[in-house]
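Chain by chain, the residues:
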Amino acid sequence: YIVHFDLLKGGITMDMKEMEKQIQLWKDMGVLYENRETRKRRWKAAVPMAAMEHPEVKLPVIAVMQEVNSANEHLAVTETSYFYEYFRLAAQGECILVNFVLEDFEGNDILDDILQEAFELYPCDRSRVYIAGHSHNGFYALEYAIRHPKQIAAVATYGDPPGHVTTGNLPVKGERLEKMKAMDMPLINLSGMTEHTCMYPISCQPEYFRNPPKTGTPHPVSLEERVASWQRRLDAFKCPQVTEADILATRDSKNKAVRMTGIPSDKAQTIWMDGFELYIVDIKNNKGRYWLRMVAEENMPHNTTPNQQKVSWDFLRRFARDLETGEVIELYE
């Protein structure tokens, strides 16, 4: 979209011809791109054209929590640029995208109504609904899954710390922690090695912060805080605990992914994609299932990348949710 700021009127207008070109671009790629409204809140859908022609074939859904601001409750430009790889997946006929977020937890519950409407409009597989979000929208995505554990099959968070940190809005303790421990929720977290909060490896003291931490920062500053935050993550996802000594031992691991992340893992690998290394560690839960994955991408700042989205889809699509029992179904290992 080309957006024009009208200072005299104090408003924002869109060049409709350019908007039509944008929508036509998606059609040429094989994607039906629609703007919709539910309870006076806007949301967007990207649906494979072929799926509309064959509604008997149900497709998984990725609900993307994407950036907003006070001028526009949903910025289509950042939505399509941040998660372009997800749109490519839709163009290939692999999934349906639903895009929506508000800047508060209660308002984000409108997504439940939006999904119900999407189920009526599009050929969605209700057992394979995934949710994803970047940065604080990753927190929103996980919070939505906590509130609707029988609706979401798996979660992808981007740019968030590997450990569970406590912020003013999201205390990882008490009732919220108990809710996480009570549910079964596969999760993949993907972030860059050069995030401004210096997340990896968690086995070391942060050497620098691009933005110096202030009082009350939600990001683990000391080694002790980083260790404690990772132990909270393991507790929340019902995985065997590790000690500080276990984490420190990763410094000397022969496995590069373990060394670079500082995370003791049951499986770890380094892969090469589009000129960058991605360090992937999998942690087995108490049932012996690999439902928790951390991914760190070499030389990447606080942004999601096509590589991360490809890796996230490889993880998410493994899972479905039994709509009657609420149990996780692992479609393949």
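Each remark here, short or long, concerns the structure printed above.
Everything numeric in this text was worked out from a predicted model, so none of it was measured.

1. Regarding helix H4 (residues 84-91)
Every buried residue of H4 is listed here: Glu85, Tyr86, Phe87, Leu89 and Ala90. Positive phi shows up at Gly93, right after H4, with a value of about 85°.

2. Examining the pairing of strand S9 (residues 187-192)
Taken across its six residues, S9 has six buried, putting it largely inside the fold. As defined by bridge partners, strand S8 (residues 154-158) adjoins S9 across four bridges and the pair is classed as parallel. Across the sheet, residue Ala156 finds its bridge partner in S9, namely Ile188. Bridge count for S9 against strand S12 (residues 290-297) is six bridges, and the pairing is parallel. The residue of S12 that forms the bridge with Ser191 is Ala296.

3. Quick notes on the sheet that holds strand S5 (residues 59-65)
Pairing is mixed across the open sheet formed by ten strands, whose spatial order is S3-S4-S6-S5-S7-S8-S9-S12-S11-S10. With partners counted over all chains shown, the strands left at the sheet margins are strand S3 (31-38) and strand S10 (267-273), one partner each. Neighbour-to-neighbour, the strand axes of this sheet turn through a mean angle of 20°, independent of strand direction. Sheet analysis places S5 next to strand S7 (residues 124-134), joined by six bridges and oriented parallel. Residue pairing across strands places Val64 opposite Ala132, the latter belonging to S7. Here H4 sits on the sheet in contact with S3, strand S4 (41-48), S5, strand S6 (96-99), S7 and S8, set at roughly 115° to S3.

Thresholds, definitions, all that
- Residues numbered from 1 in each chain as written.
- Predicted model: local features only at pLDDT ≥ 70, side-chain atom pairs only at ≥ 80, totals over all residues.
- Heavy atoms only, no water.
- Buried < 20%, exposed > 50% of the residue type's maximum accessible area, 1.4 Å probe, protein only.
- Helix = DSSP H or I, 4+ residues; strand = E, 2+ residues; numbered from the N terminus.
- Pairing = 2+ DSSP bridges.
- Axes fitted to C-alpha atoms, helices over the stretch in contact; angles between N-to-C directions.
- Contact = heavy atoms within 4.5 Å.

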